[in-house]
Amino acid sequence: MSTAETTIDIRELDQRTAEGVEVALLWDASRNFLSVVVSDTRVGEAFELVLDERDDALDVFHHPYAYAAHRGLEFGVASREDELVAA
């Protein structure tokens with residue numbers, strides 16, 4: 001009987017933090033792909049964008065919300081609605 005081993009080798013290539021938003025550019029060496037992970041501690045939301053050969057990794061890293069919107073990801077919708085109701 002053989003046991004399949006899964007090795008996950010994720011390396012952080014770049015990272016930045018500003019006003020509660022953390023953005024990381026990651027490389028999964030075992031599966032050979034790049035992703036940008038965004039975590040917004042202010043609203044408790046996070047998302048990941050998996051990049052392909054058409055994406056400019058640094059551009060996605062610097063503008064993740066624009067790329068998320070272009071891909072149809074919704075984020076911060078509930079918190080924005082709550083702010084509008086409170087106003």
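Going by the structure above, here's the rest.
Here the structure is a predicted model, which is why all the values come from computation and not from measurement.

A. Layout of the overall build of the protein. Regarding its fold elements, the protein presents three helices and four strands. Beginning at the N terminus, the succession of helices and strands in the protein can be written as β-β-β-β-α-α-α. In the protein, which comprises 87 residues, the proportion classed as buried is 24%. A separation threshold of at least 6 residues defines the contact pool for the protein, and within that pool the share at least 24 residues apart is 21%.

B. Up close: the pairing of strand 1 (residues 10-18). The pairing of strand 1 with strand 2 (residues 21-28) spans eight bridges and is classified as antiparallel. Across the sheet, residue Gln15 finds its bridge partner in strand 2, namely Ala24.

C. Just the nonpolar core, in detail. Grouped together as the largest cluster of nonpolar side chains are 14 residues, with contacts concentrated most on Val23, Val36, Val38, Phe47, Leu49 and Val60. Breaking this core down by element, the ones donating at least two residues are strand 2, strand 3 (33-40), strand 4 (45-50), helix 1 (57-62) and helix 2 (64-70). Those residues in contact with Val60 that lie beyond four places of it in its chain are Val36, Leu49, Leu51, Asp55 and Tyr67.

D. View of the side chain of Asp40. Structurally, Asp40 can be placed in strand 3. Residue classification places Asp40 among the buried positions, given a relative accessible area of 8%. Engagement of the side chain of Asp40 in a polar contact is seen with the side chain of Arg42, the distance being 2.9 Å. Setting aside chain neighbours within four positions, we find Asp40 in contact with Gly20, Val21, Glu45 and Tyr65.

Basis of the calculations
Here the residue index of a chain counts from 1 through its sequence in written order. Since the coordinates come from a predicted model, pLDDT governs what is reported: local features require at least 70, and pairs of side-chain atoms require 80 or more to be given and counted, while whole-chain, interface and lining totals use all residues. Excluded from the side-chain calculations are hydrogens and water; all other atoms, namely the structure's heavy atoms, are used. Under the DSSP-based scheme used, a helix requires at least four consecutive residues in state H or I and a strand at least two consecutive residues in state E, with every element numbered from the N terminus. Type-normalised accessible area, obtained with a 1.4 Å probe on protein chains alone, sets the label of each residue: buried when under 20%, exposed when over 50%, and partly exposed for intermediate values. Contacts are assigned to residue pairs with any non-hydrogen atoms lying within 4.5 Å of each other. Note on pairing: DSSP must find at least two bridges between two strands before they are called paired. Among the buried residues, those of types Ala, Val, Leu, Ile, Met, Phe, Trp, Tyr and Cys that are joined through side-chain atoms within 4.5 Å form a nonpolar core. The term polar contact refers here to a pair of N or O atoms within 3.5 Å; inside protein, the definition further demands a hydrogen-donor-capable atom paired with an acceptor-capable atom, and it admits residues adjacent in sequence only when both atoms are side-chain atoms.

It is worth stressing that arrangement in space is one thing and function is another; only the former is reported here.
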